[in-house]
Amino acid sequence: MRRPHRRIETQLTVVGTGIAGFAAALFARARGLDVAQVGHSGALAYTTGYLDLLGVADGRKIADPWAGLDALRMTEPGHPFGRLANADIRAALDAFIGEVNAMGLGYTPAGAANLTALLPYGVTKPTLSLPETMWPGAAALAERAPALIVDFAGLQGFSAAEFAANMAAVWPGLATARLAFPGMESLQVFPEPMARALETRETRAAFVARLRPHLGAVTHVGLPAILGVHRPDTVRAALEAELGVTLFEIPTIPPGVPGIRLRELFERHLPGRGVALEPNLKAAEARLDPSGITLALHGPMEDLDIRAEAVVLATGRFLSGGLRAERSGIRETLFGLPVAQPDGREAWFRPAYFDPRGHPVNRLGLTVDDRFRPLDAAGAPVHPRLHAAGAVLAGQDWARSRSGAGLAIASAWAAVNAAGAELGSSPGDPGPTTAPGAAPAQEPGTA
Amino acid sequence: MSDHETDVLIIGAGATGAGVMRDLALRGIASLLIDRRDLNAGASGGNHGLLHSGGRYAATDTATAAECRIEGEILKRVAPQCIDDCGGLFVAVEGDDPDFAARFPAACAAAGIACEALTPDEARAREPALPQTLIAAYAVPDATIDPFRLVLENVAHAEALGLGRYLPHTAVEGFETDAGRIVAAQARDLRTGAPFRIAVREVVNAGGTWAGRIAALAGCDEVRLLGSKGTLIIANTRIAKGVINRLRPPGDGDILVPGGTVSILGTSSVTLRDPDDAAARAPTAAEVDRILDEGSAMLPVLAETRFVRAFSGVRPLLLSDAAEEDGRKASRGFTLYDHEGQGLANFCTIVGGKLTTFRLMAEKTADLVAARLGVVAPCRTATEPLPSGPGLGWTAPGASARDWMARADATDTILCECEMVARSAVDEIVARAPGHEDHMSLDAIARRSRIGKGACQGAFCSMRVTSHLYDAGVYEGAEGLGEMRRFIDGRYRGVRPVLWGAGLAQTELAEILHVGLAGLDLLNDDAPEDPR
């Protein structure tokens, strides 16, 4: 039997389903562009859920990311943030957080200063926006509030004792307790099924009964990020009403629930906003020609061709497959775009893992122009409407500088605005609306 | 730390030192074994785990080859639990010297080594990974040995006999001498920084690569060694059933040694002046490429194999003028210095040799020490089986997975998913393995198990084990994160030269975990925080 073959035609196609990809799709729809999005990576599950803008500079935590960005533009002129103004970055973050909140997942607004967010081993990190389920932890730390940290029998890599021991210098007196998770006793347990179970009233009731005897005089209870996947703010409110204390979540070893929440949120809502989303398909081949870009995808049941006038490439780095390292060198995997790199593997990594300068390999990637278009070896755009966003960009080390989400969202903003301008759409143009609930299979171009 | 007193102080907890400890205990002599780091921290842990048939040396050094053969046969009898008697092949491929290959059977015969000629088809039937370019193949009784289990069991047996005690992270900084005898060693606990004194009757220097420096502390300048750095790379798949040697003069990438579920490809040889020069000791990308390019000629599948780490051992070779610049030409034999010509009557240094001959080296050393102490009991290690015990069996690849499956206990969670090391194994090591009287760190547990040795090279399990050690009360303050940081950095130094492909993607994930989630890069950043 012949494999079904489907063809989609779009103005803009986003390749990649990380934060940069989803942000690009949202921004493009807000401009009224006709959008498709494809991707295959689950790397969103590796995020803590915090939205960082710039938390570390020169190996030190910084309090003011906006001043930090101003300084970064002076010290690292090649950094992608150097192609963006603070006002644009602010607009991008506000737009993204606004969209996420509108879809029903609470995040705190991006403020003037970094917040001090909790990490699972009792240390903290500077970040700009927190999920509403995590923000009370930062507030409780600021007040040194009397708090209980809860962990679970069979949940690996999350120890209340470890959190409390390492937090003791700044937040003394934390109480700890270990619970068996209702319905998962005597088993190895994982955050995602625990979170899904807490969406049911029965599990919540059993959980409340087990937690209540440990409360004592605490005002806050911290626990791993398991407060539901689809409606965490509702789950948290329901538990708080029963327990009479403030709950807060702490990130866990991946796959972590905060990232799964974001991914499922976008997958649920983007088709209804008119994005032709294929979240489990990898773009296998790509062809550039003067009038546009053709992508070929091979699914389990069918082949799919996408014809796009413009593309935002947000395929991430090595883990997500946007870049590939061979013994002989590093390449971009979809278009074969040039990746400027040193001669030989010995220069990719420094001898010491925790060298505060980070590793050179983490700064390799795609060099772009002011419109975030990848450049060829001669410094000219490879294609007039091929743009790139997110971690695949060269000249940045998002992990060390705690800037991953900010870089993804701001570069997606810039790439989409540049593509939109080329395609003739104007900012804020809602464009033709699609009926809520429209599935990608019903998009124009379906064979 | 309080002062110690012992009949025999053994410096260096590699295979030789551990072997001397057990040999003495079997003669009724008590000893204290110390190491500046921990068990097998030097060449005893930095090798491919080959139990030589002697074939490797047959063409160049008949005496060493015969010594390897005899010792290999003894160890297969007394310590079978540490050995995989998998056999080995010597193979030549197109381009190798056919005359060198043709001389191999006679050279083996001269050393008494069984050697069976195989046709290329017969060899490929045994080892399907061998190439079509094969021109000669011989089967020899090579085997593999787990150097970690071997050393753990030697130490544990001496402890069980009530005649041995082991102290890790203990350095010797000097000796007190009186009338031609060492009366005490000046030691320091490197973890706490506290100095202490060890009163002794006899001192054995089994410091391996560092033996020359230890001898010099006692005023003996006759121990002259050549450090020869050997780099090896590990794949976490078993590529061959048995050992595969390239049949040509020794060179880079000429041996593949399987062990449990892994394979080790070696070896390079680079002369090293200073064994403490960490930068020079670290394996490099260039060495890895050379080993891999050479090894692929013998086993083409290596070009497509994922390697999880590289490591370097520093072979302590006896220095001779001919060997000054080429470690491969230095003697693989061993020497026992009695230091009497240097004016000391109760100090000896045992150096050189190979893992395969560690028992014989220990026997000769213990003979000298026993004679000096007036003990007439003979050596028993050639016949007395090496017993196993709790906390000793977790270093073989695949062992912990088999144990966990057999027990089928759902509450015994897996801490290391790559190598299937369960919580119960970690608890047993913390409670029972040699060194447990001391503080068991993540690094010490990993050395006594497979933790951190699988595909993720410690990225995930370091976090899970650390959390468990907090739960178990092993860590009580902030020290656990510092130990995790040091452990991860140590694993990284081996991962670094094999980072490409899937391994590099894994390292990107590790960076996200260690930096983004654990904040280990900023552990010492005490910048003031301004919580909202």
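Because the structure is a prediction, the values reported are computed rather than measured. (Residues numbered from 1 in each chain as written. Chains lettered and ligands numbered in written order. Predicted model: local features only at pLDDT ≥ 70, side-chain atom pairs only at ≥ 80, totals over all residues. Heavy atoms only, no water.)

1. A few points about the overall build of chain A
And step 1. Assigned secondary structure in chain A consists of 11 helices and 17 strands.
And step 2. Computed over the C-alpha atoms, the radius of gyration of chain A is 23 Å, within 12% of the 22 Å expected from 2.2 N^0.38 for a compact globule of 447 residues.
And step 3. Its C-alpha atoms give chain A principal-axis dimensions of about 70 × 50 × 40 Å.
And step 4. Out of the 447 residues belonging to chain A, those deemed buried represent 60%.
And step 5. Carbon together with sulfur atoms contributes 56% to the accessible area of chain A, which is approximately 16000 Å² in total.
And step 6. When the 41 positive and 43 negative side-chain charges of chain A are each reduced to one mean point, those points stand 3 Å apart. (Helix = DSSP H or I, 4+ residues; strand = E, 2+ residues; numbered from the N terminus. Rg over C-alpha atoms; globule rule 2.2 N^0.38 Å. Buried < 20%, exposed > 50% of the residue type's maximum accessible area, 1.4 Å probe, protein only. Areas by Shrake-Rupley, 256 points an atom, 1.4 Å probe, with all protein chains shown as cover. Lys, Arg positive; Asp, Glu negative; His and termini not counted. Charge placed at Lys NZ, Arg CZ, Asp CG, Glu CD.)

2. Structural notes on the packing of helix H7 (residues 201-211) of chain A against helix H8 (residues 232-243) of chain A
Residues and elements named next belong to chain A.
And step 1. It is at 10 Å that the axes of H7 and H8 come closest, and there the two elements cross at 45°. Classed by the angle they form, the pair H7 and H8 counts as oblique. In terms of crossing hand, the pair formed by H7 and H8 is right-handed. Side by side, H7 and H8 meet where Arg204, Phe207, Val208 and Leu211 of the first sit next to Val235, Ala238, Leu239, Glu242 and Leu243 of the second.
And step 2. The residue makeup of the contact of H7 with H8, split by class, is seven nonpolar, no polar and two charged. (Axes fitted to C-alpha atoms, helices over the stretch in contact; angles between N-to-C directions. Parallel < 35°, antiparallel > 145°, perpendicular 65-115°, else oblique. Left-handed = near helix turned anticlockwise from the far one by under 90°. Contact = heavy atoms within 4.5 Å. Nonpolar A, V, L, I, M, F, W, Y, C, P; charged D, E, K, R; others polar.)

3. Observations concerning the domain arrangement of chain A
All names here are of chain A.
And step 1. Parsing chain A into structural domains produces domain 1 (5-105 + 260-442) and domain 2 (135-250).
And step 2. Here domain 1 and domain 2 have C-alpha centroids that lie 34 Å from each other.
And step 3. Each partner contributes to the interface: domain 1 provides six residues, whereas domain 2 provides 10 residues.
And step 4. A per-residue breakdown of the area domain 1 buries against domain 2 is headed by Ile260, Arg261 and Glu264, which together make up 65% of the total.
And step 5. Remark: the boundary between domain 1 and domain 2 carries two salt bridges.
And step 6. The salt bridge involving arginine 196 is made with glutamate 264; its shortest N-O contact spans 2.6 Å.
And step 7. At the junction of domain 1 with domain 2, the criterion picks out five residue pairs in polar contact (both at pLDDT 80 or more).
And step 8. Its residues assigned to classes, the side of domain 1 that touches domain 2 shows two nonpolar, one polar and three charged. (Domains from an automatic or database assignment. Buried area = accessible area lost by both parts, 1.4 Å probe. Salt bridge = Lys/Arg side-chain N within 4 Å of Asp/Glu carboxyl O. Polar contact = N/O pair within 3.5 Å; in protein donor to acceptor, adjacent residues only side chain to side chain.)

4. Quick word on the domain arrangement of chain B
Residues and elements named next belong to chain B.
And step 1. Domain parsing of chain B yields domain 1 (4-43 + 148-224 + 332-373), domain 2 (84-144 + 226-318) and domain 3 (399-522).
And step 2. Distance from the C-alpha centre of domain 1 to the C-alpha centre of domain 2: 32 Å.
And step 3. Across the domain 1 to domain 2 interface the summed buried area is about 1000 Å²; carbon plus sulfur atoms make up 56%.
And step 4. Counting across the domain 1 and domain 2 interface gives three salt bridges.
And step 5. Between arginine 36 and aspartate 276 there is a salt bridge, and its shortest N-O distance comes to 3.3 Å.
And step 6. Along the contact surface separating domain 1 from domain 2 lie five residue pairs in polar contact (both at pLDDT 80 or more).

5. Details of the pattern of salt bridges
All names here are of chain A.
And step 1. Tallied over the full model, the rule gives 65 salt bridges over all chains.
And step 2. Arginine 6 is the partner of glutamate 278 in a salt bridge, and the nearest nitrogen-oxygen pair spans 2.6 Å. Taken as a pair, glutamate 278 in strand E11 (residues 275-278) and arginine 6 in strand E1 (residues 5-15) lie far apart in primary sequence, 272 residues in all.
And step 3. Using a relative accessible area of 15% as the deciding quantity, one classes glutamate 278 as buried.
And step 4. With a relative accessible area of 7%, arginine 6 lands in the buried category.

6. Considerations on the sheet that holds strand E7 (residues 147-152) of chain A
Residues and elements named next belong to chain A.
And step 1. Reading across the sheet, the four strands line up as E8-E7-E9-E10 and stay open at both edges, with parallel pairing between neighbours. At either end of the open sheet lies a strand with only one pairing partner, and these are strand E8 (175-179) and strand E10 (246-250). Averaged over all pairs of adjacent strands, the angle between strand axes in this sheet comes to 25°, irrespective of strand direction.
And step 2. Where E7 lies against E8, five bridges are found, and the strand directions are parallel. Across the sheet, the residue bridging to leucine 148 is alanine 175, located in E8. (Pairing = 2+ DSSP bridges.)

7. Let's talk about the packing of helix H3 (residues 86-103) of chain A against helix H9 (residues 257-269) of chain A
Residues and elements named next belong to chain A.
And step 1. Between H3 and H9, the shortest axis-to-axis distance is 11 Å and the interhelical angle comes to 75°. Taken together, H3 and H9 sit at an angle that is classed as roughly perpendicular. Of the residues in H9, those in contact with Phe96, Val100 and Met103 of H3 are Leu262, Leu265, Phe266 and His269.
And step 2. Residue classes in the contact of H3 with H9 are distributed as six nonpolar, one polar and no charged.

8. Regarding the sheet that holds strand E3 (residues 50-51) of chain B
All names here are of chain B.
And step 1. Here three strands make up an open sheet; going across it, the order is E3-E8-E4 and the pairing antiparallel. Either end of the sheet is taken by a strand with one partner, and the two such strands are E3 and strand E4 (83-84).
And step 2. In this sheet, strand E8 (residues 143-145) lies alongside E3 in antiparallel orientation, the contact comprising two bridges. Bridge pairing in E8 links leucine 50 to threonine 144.

9. A few points about the interface of chain B and chain A
And step 1. Residue-level contacts link 62 residues of chain B with 61 residues of chain A.
And step 2. Summed over both partners, the interface of chain B with chain A buries about 5400 Å², with 57% contributed by carbon and sulfur atoms.
And step 3. With a shortest N-O distance of 2.9 Å, aspartate 293 of chain B and arginine 327 of chain A are connected by a salt bridge.
And step 4. Between the two partners, chain B and chain A, sit 24 residue pairs in polar contact (both at pLDDT 80 or more).
And step 5. Looking at the side of chain B that touches chain A, the elements that each hand over two or more residues are helix H10 (285-298), strand E21 (414-416), helix H15 (461-471), helix H16 (479-495) and helix H17 (501-517) of chain B.
And step 6. Here the element with the most residues in the side of chain B that touches chain A is H17 of chain B; it accounts for 15 residues.
And step 7. Its residues placed into classes, the side of chain B that touches chain A shows 33 nonpolar, 11 polar and 18 charged.

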